[in-house]
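# Architecture and fold: a report
Given next are the chains, with one letter for each unit.
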Amino acid sequence: MFRNWRIGSVNGALVAAYFIPAWTLVAFNIMVAPVHGLYERPTVAVALFLSDHLQMAGMSTVRAAWLLALGRLTVVAFFAIYLALLCIPRVRKSGGSDEALGIALAIGSLISFASMVMASKVGEMAALRLHATELLLLLGAAIVIVIERPEATPKTAEATAPLALEQSELVHNR
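The residue numbering used here restarts from 1 in each chain and proceeds along that chain's sequence as written. pLDDT decides what is reported in this predicted model: residues at 70 or higher carry local features, side-chain atom pairs at 80 or more are listed and counted, and totals for whole chains, interfaces and linings draw on all residues regardless. The side-chain figures draw on all heavy atoms in the structure; neither hydrogens nor water molecules are used.

### Observations regarding the packing of aromatic side chains
Two descriptors summarise a pair of aromatic rings, namely the distance from one centre to the other and the angle between the planes of the rings. Any two of the Phe, Tyr and Trp rings considered here, Trp counted by its six-membered ring, make a pair once their centres fall within 6.5 Å; the pair's planes then place it as stacked at under 30 degrees, edge-to-face at over 60, or tilted in between. Following the criterion strictly, the structure yields 3 aromatic pairs and no others. Consider the rings of phenylalanine 19 and tryptophan 23, whose centres lie 5.2 Å apart with planes at 85°: the pair is edge-to-face. Taken as a pair, phenylalanine 19 and tryptophan 23 lie in helix H1 (residues 7–32) at a separation of 4 residues, close to a single helical turn. Burial classes: relative accessible area under 20% of the type maximum marks a residue as buried, over 50% as exposed, and values in between as partly exposed (1.4 Å probe, protein chains only). A relative accessible area of 1% means that phenylalanine 19 is categorised as buried. The buried category is assigned to tryptophan 23, whose relative accessible area is 1%. Taken together, the ring pairs in this structure connect Tyr18, Phe19, Trp23 and Phe79 into an aromatic cluster. A run of H or I in DSSP counts as a helix once it spans at least four residues, and a run of E counts as a strand once it spans at least two, with each numbered from the N terminus.

### Remarks on a nonpolar patch on the surface
Any residue with relative accessible area above 30% and no salt bridge may belong to a patch, with like charges joined within 9 Å and the nonpolar Val, Leu, Ile, Met, Phe, Trp and Tyr side chains within 5 Å. Only the protein chains shown count as cover for residues, and all accessible areas are computed by the Shrake-Rupley method using a 1.4 Å probe. Put simply, a salt bridge is a Lys or Arg side-chain nitrogen that is within 4 Å of an Asp or Glu carboxyl oxygen. Side chains of Phe28, Met31, Met59 and Trp66 sit close together on the surface and give an oily, nonpolar patch of about 400 Å² of accessible area. Of all the secondary-structure elements, those providing two or more residues to the nonpolar patch are H1 and helix H4 (58–86). Relative to the assigned elements, methionine 31 resides in helix H1.

### Here we look at the layout of surface pockets
Here a cavity means grid points, on a 1 Å grid over the protein atoms only, where a 1.4 Å probe fits yet cannot get out; a pocket means an open set of points with protein on both sides within 12 Å along at least five of seven lines; lining residues are those with an atom within 4 Å of a point. Grid points are joined across faces, edges and corners, and a volume is the space filled by probe spheres set on the points. For the largest pocket, the calculated volume is near 210 Å³. When residues of the lining of the largest pocket are traced back to their parent elements, those giving at least two are helix H3 (44–52), H4 and helix H6 (98–122). Under the scheme applied here, ten amino acids are nonpolar (Ala, Val, Leu, Ile, Met, Phe, Trp, Tyr, Cys and Pro), four are charged (Asp, Glu, Lys and Arg), and all others, including Gly, are polar. A per-class count over the lining of the largest pocket returns 8 nonpolar, 2 polar and no charged.

This is the structure in structure tokens:
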């Protein structure tokens, strides 16, 4: 059953298995109570950076929190699309699901890197470790996807040597 799985597919599925529940819970906490959700541990560095360095007012902070939740839910949606495409063997073998994974990894890396920089600016070490770990997970998965290419499909005889107009198809027709 698992003979045709590539290392990148398994790695992407494991990364998605972490990010889908973790980032969904954070995003829903922000959507339910934007200020309270923003000041929880996974996003406290962003909240402190917005309030201290950018001096955002209350409603602007709420809008920024919703934008962060939207970004996290976008990453979750692309990971879910990747897992759905991974269930189709033909798509998995040809690497057709790698595009959805690539988009999730790119947006997730951007969010994690920005959160990590904000955590270092405000001196929040626990948040810095969390975002650095998430960034390393995403970058490691991206490296595996870039290095491992999907298997090439075997070429059929018709595709390699088409018949010319003058060449006869039957042997006795000379």
